[in-house]
Amino acid sequence: MKHVAIILAGGSGTRMGGAMPKQFLSLKDKPVIIHTLEKFQENENIDDILIVCIKDWIEHLKEILDEFKIPKVKYIVEGGATGHDSSRNGIFFLKDKLSDDDQIIIHDAARPILPQQAIDEMLRVSHEKGNASLAIPCHETVLFTEDGLSGIKELDRSSIMRVQTPQAYNYKLIRSVYEKAEAEDKHDFIYADLVCTYYGERIYFSKGFTNNIKITRKEDIPLCKSLMKFSDEELFNS
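Residues numbered from 1 in each chain as written. Predicted model: local features only at pLDDT ≥ 70, side-chain atom pairs only at ≥ 80, totals over all residues. Heavy atoms only, no water.

S.K.: What is the right way to read the pattern of salt bridges from this model?
M.R.: As a working rule, side chains carrying opposite charge can pair if their charged atoms are close by. On inspection of all chains with the given rule, the structure shows 15 salt bridges. Linking Asp48 and Lys2 is a salt bridge whose minimum nitrogen-to-oxygen distance equals 2.9 Å. Of this pair, Asp48 sits in strand E4 (residues 48-53) while Lys2 is found in the segment before strand E1 (3-9), placing the two residues 46 residues apart along the sequence. Under the relative-accessibility criterion, Lys2 is labelled partly exposed at 30%. (Salt bridge = Lys/Arg side-chain N within 4 Å of Asp/Glu carboxyl O. Helix = DSSP H or I, 4+ residues; strand = E, 2+ residues; numbered from the N terminus. Buried < 20%, exposed > 50% of the residue type's maximum accessible area, 1.4 Å probe, protein only.)

S.K.: I'm lost on the environment of Ile34 in this one. Help?
M.R.: When you line up the elements, Ile34 lands in helix H1 (residues 32-42). Measuring from C-alpha to C-alpha, the distance between Ile34 and Leu61 comes to 9.6 Å, with 27 residues separating the pair along the chain. Filtering out sequence-adjacent residues up to four positions away, Ile34 remains in contact with Ile64, Leu65, Phe68 and Ile70. (Contact = heavy atoms within 4.5 Å.)

S.K.: Mind showing me how you'd approach a nonpolar patch on the surface here?
M.R.: Together, Met161, Val163 and Phe205 make up an exposed nonpolar region whose accessible area comes to about 230 Å². Here Phe205 shows up in strand E11 (residues 205-207). (Patch = residues over 30% accessible without salt bridge, like charges linked within 9 Å, V, L, I, M, F, W, Y side chains within 5 Å. Areas by Shrake-Rupley, 256 points an atom, 1.4 Å probe, with all protein chains shown as cover.)

S.K.: What am I meant to see in the environment of Val142 here?
M.R.: With respect to the element layout, Val142 can be found in strand E8 (residues 142-144). Val142 sits 13 residues away from Leu155 along the chain, and the two C-alpha atoms are 5.5 Å apart.

S.K.: Would you mind going over helix H2 (residues 58-68) with me for this structure?
M.R.: The α-helix advances 3.6 residues per turn, and as a result positions three or four apart in sequence lie on the same side. Taken as a whole, H2 has its buried residues at Ile58, Leu61, Ile64 and Leu65. The buried residues of H2 occupy an angular sector of 120° when the element is viewed end-on, so they sit on one face. Exposed residues lying more than 90 degrees from the buried face of H2 are Glu59, Glu63, Asp66 and Glu67. For H2, the elements touching its buried residues are strand E3 (30-31), H1, E4 and strand E5 (73-78). Looking one or two residues past H2, Lys69 carries a phi angle of roughly 60°, positive in sign. (Arc of directions from axis to C-beta.)

Next comes the structure, spelled out in structure tokens:
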């Protein structure tokens, strides 16, 4: 069984307020995406890496890959108009390269804090159940809102899980639901797990962790630097 990681680097990072997409910003003398790729390079279960990248930044990506040497990176695919389309491009690209029983892992390039234990536990669950998404319980009070300005109804937080990437899937399963979305011209799903649930598939949870942050704003860079001082075990059990 093969395990291929699809790293989504198709976002433009407009919320960062700069010209460079967030996944290419410098973090401790390396681009953010390199820190992310190294996590999958180091994991013995990962066979290959596919990167879905913004078209205009593919050449820059190739340059930094040459500099930092991530040998598991086998494929670079152009990103799509939406995050869903970027995932789709990566999944469909692998049609003639994977068998139905292989597994893919989808992860955000801008999530560089990733303990090895999180990858291993996710794959354990996915092998058993057919898919797995990192998830953590919701401990905050949650209100339902219709307008984003006010709320009047409390949601039962015990029935809510906060889902994160990475997420792992049996290849036949994930390809089939994306083919259904393509046939119905649906392109606005945020993550692959939502494509699955839309088409009636149950998503299984693996242990997530609180500090699995996605870099979206400038203040996230120093936060990531601070988190990198901790061991994988400390982060995974946070």
